[in-house]
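Inside the fold
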Amino acid sequence: LIKLCNNARGKPLEMEPNKESTCQVVSYPLDIPTITELVNDPAAGAISTFIGITRDNFNGKPVLMLEYEAYETMAEKELIKLCNNAREKWPDIYHIAIYHKIGQVPIGEASVVIAVSSPHRRDAMRATEYLIDTLKITGRS
């Protein structure tokens with residue numbers, strides 16, 4: 001059941017969410033549900049997420065863990081630029097959250113979480129793919 005709310009004049013309410021980008025580089029384990037909740041919005045019909053985790057191999061060689069280093073302030077500024085670029089490509093997306101862990105990331109733990117909300121799935125999914133693909137190229141994540 002879908003119920004549409006109208007204003008006093010019988011016209012549909014137009015509610016534009018306050019669009020936000022949250023980008024952080026942290027040294028503690030990433031809390032995936034909390035990061036995903038940051039992009040939740042009553043007007044959103046979709047939330048797309050990408051979770052990059054450490055696997056136990058790379059090019060046929062065993063991996064014990066990954067270790068990331070970054071100048072946090074500069075890295076966060078670059079992540080915000082990345083969000084702004086995504087917003088230019090998909091202006092209807094609502095919220096974006098990008099979190100990247102620095103330091104040691106053991107096998108099975110998330111090193112990066114990207115979450116995007118939008119009115120419809122296509123924009124959220126495309127923006128999420130663009131964000132991780134661009135981050136991999138520019139940030140060597």
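Residues numbered from 1 in each chain as written. Predicted model: local features only at pLDDT ≥ 70, side-chain atom pairs only at ≥ 80, totals over all residues. Heavy atoms only, no water.

Let's shift gears to the overall build of the protein. On a plain count of helices and strands, the protein comes out with 3 helices and 8 strands. Listed by position from the N terminus, the elements making up the protein come as β-α-β-β-β-β-α-β-β-β-α. Across the 141 residues in the protein, those meeting the buried criterion constitute 35%. Carbon and sulfur atoms make up 53% of the accessible area of the protein, which totals about 9400 Å². (Helix = DSSP H or I, 4+ residues; strand = E, 2+ residues; numbered from the N terminus. Buried < 20%, exposed > 50% of the residue type's maximum accessible area, 1.4 Å probe, protein only. Areas by Shrake-Rupley, 256 points an atom, 1.4 Å probe, with all protein chains shown as cover.)

Taking burial as the measure, the 9 residues of strand β8 (residues 110-118) include 9 buried ones, the bulk of the element. Across 8 bridges, strand β2 (residues 46-53) lies against β8 in antiparallel orientation. Counterpart to Ala46 in the pairing with β8 is Ser118. Relative to β8, strand β6 (residues 96-101) is paired through 5 bridges, and the arrangement is antiparallel. Bridge pairing links Ile96 to Val116 in β8. (Pairing = 2+ DSSP bridges.)

Close approach of charged atoms allows side chains with opposite charge to pair. Tallied over the entire structure, the rule returns 2 salt bridges. Notably, a salt bridge pairs Lys81 with Glu78, separated by 3.1 Å at the nearest N-O pair. Pair noted here: Lys81 and Glu78 are both in helix α2 (residues 72-89), with a separation of 3 residues, about one helical turn. Here Glu109 and Lys101 are joined by a salt bridge, their closest N and O atoms 2.5 Å apart. Taken as a pair, Glu109 and Lys101 share a single burial class, namely buried. (Salt bridge = Lys/Arg side-chain N within 4 Å of Asp/Glu carboxyl O.)

The pairing of strands in a sheet happens through backbone hydrogen bonds and is either parallel or antiparallel. In space, the 4 strands of this open sheet follow the order β1-β6-β8-β2, with mixed pairing throughout. Two strands close off the open sheet at either side, each with one partner strand: β1 (21-26) and β2. Sheet twist, expressed as the mean angle between neighbouring strand axes with direction ignored, is 5°. Contacting β1 and β6, α2 runs over the sheet at an angle of about 150° to β1. (Axes fitted to C-alpha atoms, helices over the stretch in contact; angles between N-to-C directions. Contact = heavy atoms within 4.5 Å.)

In this section: the confidence of the model for the protein. Looking at the protein as a whole, its pLDDT mean stands at 89, while 86% of the residues score no less than 70. Within the model, the stretch residues 1-13 combines pLDDT values under 50 with 6 contacts to residues more than four positions away or in other chains. (pLDDT = per-residue confidence, 0-100.)

A few words on the environment of Asp41. One can find Asp41 in the loop between α1 (32-38) and β2. On the basis of relative accessibility, which here comes to 12%, the residue Asp41 falls in the buried class. Sequence separation of Asp41 and Tyr94 is 53 residues, and the distance between their C-alpha atoms is 7.8 Å.

Below, the discussion takes up the state of the cysteines. Taken as a whole and judged by the stated rule, the model has 0 disulfides. Cys23 takes part in no disulfide bond, and the closest cysteine sulfur to it belongs to Cys83, at a distance of 3.5 Å. Judged by relative accessible area, Cys23 falls into the buried class, the value being 10%. Given the relative accessible area of 0%, Cys83 is considered buried. (Disulfide = S-S within 2.5 Å.)

Below, the discussion takes up unusual backbone geometry. A positive phi is found at Asn59, a non-glycine position, where the angle reads about 50°. Relative to the assigned elements, Asn59 resides in the loop between β3 (57-58) and β4 (61-62). Residue classification places Asn59 among the exposed residues on the basis of a relative accessible area of 64%.

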